[in-house]
Amino acid sequence: MKNKEISILTLNFMIAFLFLLLAIAPCVVAETSEELDVQRRAQIEKARKILAGTTWTVYTALQETKRPEEATEVFTFTERRVTTQNLANQGYGMDGSNYSVNYEPDGTLVWETMQKYKDGEGEVILRGDLRGDVMTGVIDIQPAKGARKIYYFTSQKEKPATAAVTSTTTSTTTETKK
């Protein structure tokens with residue numbers, strides 16, 4: 001009889017403990033979810049700061065052709081937008097476009113955007129992976145008419161334009177003083 005009472009008490013205790021766990025679990029998950037959200041927002045902000053104010057000349061190569069078509073493109077980033085030089089001249093994303101950013105598990109910063117053609121028909125999808133000072137990626141041009149073209153690109157970060165201006169100004173000042 002005593003064993004039965006102990007078993008019943010143990011069973012009641014286990015049931016109460018399970019109910020307690022079930023009541024607490026959503027709070028722990030919600031807190032963890034909020035923490036992850038805060039961390040994700042901080043990572044996105046960090047990524048945007050890394051790209052903002054930078055200009056990249058990328059070297060492109062059209063793949064899957066008999067003779068690879070090579071060219072360059074220039075990406076200019078602000079905190080929330082990216083503009084392209086040659087694609088804009090062709091009518092894609094003439095005012096730039098918003099871009100999204102995230103980090104891969106290995107620490108690679110990934111940015112993506114889509115730019116519509118000026119008449120709304122056709123689009124370009126851009127994706128770049130930034131590892132250190134090297135950016136690689138894809139430019140996927142999907143015109144309304146004609147064949148889809150996929151270019152792969154690579155680049156190294158250019159020095160800020162203000163550094164070039166400063167060194168020119170300094171050398172001019174030095175020559176003027178002589």
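The rules we used
- Residues numbered from 1 in each chain as written.
- Predicted model: local features only at pLDDT ≥ 70, side-chain atom pairs only at ≥ 80, totals over all residues.
- Heavy atoms only, no water.
- Helix = DSSP H or I, 4+ residues; strand = E, 2+ residues; numbered from the N terminus.
- Contact = heavy atoms within 4.5 Å.
- Areas by Shrake-Rupley, 256 points an atom, 1.4 Å probe, with all protein chains shown as cover.
- Salt bridge = Lys/Arg side-chain N within 4 Å of Asp/Glu carboxyl O.
- Buried < 20%, exposed > 50% of the residue type's maximum accessible area, 1.4 Å probe, protein only.
- Core = buried A, V, L, I, M, F, W, Y, C linked by side-chain atoms within 4.5 Å.
- Phe/Tyr/Trp six-rings, centres within 6.5 Å; stacked < 30°, edge-to-face > 60°.

Draft legend 1. Here's a closer look at the overall build of the chain. The helix and strand tally for the chain stands at three helices and nine strands. For the chain, the proportion of contacts with a sequence separation of at least 24, taken over those separated by at least 6, is 37%. Entry remark: accessible area of the chain is about 12,700 Å², with carbon and sulfur atoms responsible for 58%.

Draft legend 2. The arrangement of the side chain of Thr108 in detail. Here Thr108 shows up in the loop between strand E5 (100-103) and strand E6 (109-116). Beyond its immediate sequence surroundings of up to four residues, Thr108 is in contact with Asn102, Tyr103, Asp129, Leu130 and Arg131.

Draft legend 3. Looking closely at the pattern of salt bridges. Per the counting criterion, the structure on display carries seven salt bridges. With its nearest N and O atoms 3.3 Å apart, the salt bridge here joins Asp129 to Arg127. Owing to a relative accessible area of 30%, Arg127 belongs among the partly exposed residues under this scheme. Ionic pairing is found between Arg148 and Asp140, a salt bridge with its closest N-O pair at 2.4 Å. Assessed through its relative accessible area of 9%, Asp140 is described here as buried. A cluster of three or more residues bridged by salt bridges with shared partners is formed by Glu104, Glu112, Arg127, Asp129 and Arg131.

Draft legend 4. Fine view of the nonpolar core. Among the nonpolar cores identified, the biggest contains 23 residues, and Leu51, Phe75, Phe77, Trp111, Met135 and Ile139 are the most heavily contacted of them. Listed by contribution, the elements that provide at least two residues to this core are helix H1 (2-51), strand E1 (55-62), strand E2 (69-77), E6, strand E7 (123-131), strand E8 (134-142) and strand E9 (149-156).

Draft legend 5. Representation of the environment of Tyr103 in the model. In this fold, Tyr103 is placed in strand E5. Considering only alpha carbons, one finds Tyr103 and Ala47, 56 residues apart in sequence, at a separation of 8.1 Å. Apart from residues no more than four positions distant in its own chain, Tyr103 is found in contact with Gln43, Lys46, Ala47, Ile50, Thr108 and Leu109.

Draft legend 6. Spotlight on the packing of aromatic side chains. Applying the stated rule across the entire model yields five aromatic pairs. Taking 5.1 Å as the distance between ring centres and 80° as the angle between the ring planes, the aromatic pair formed by Phe77 and Trp111 counts as edge-to-face. One end of the pair, Phe77, is in strand E2; the other, Trp111, is in strand E6, and 34 residues separate them in sequence. Exposure class is identical for Phe77 and Trp111. Each is buried. Among the aromatic residues, ring-to-ring pairing joins Phe75, Phe77, Tyr99, Trp111 and Phe153 into one connected group.

Functional significance is not addressed by these values, which are geometric in nature.
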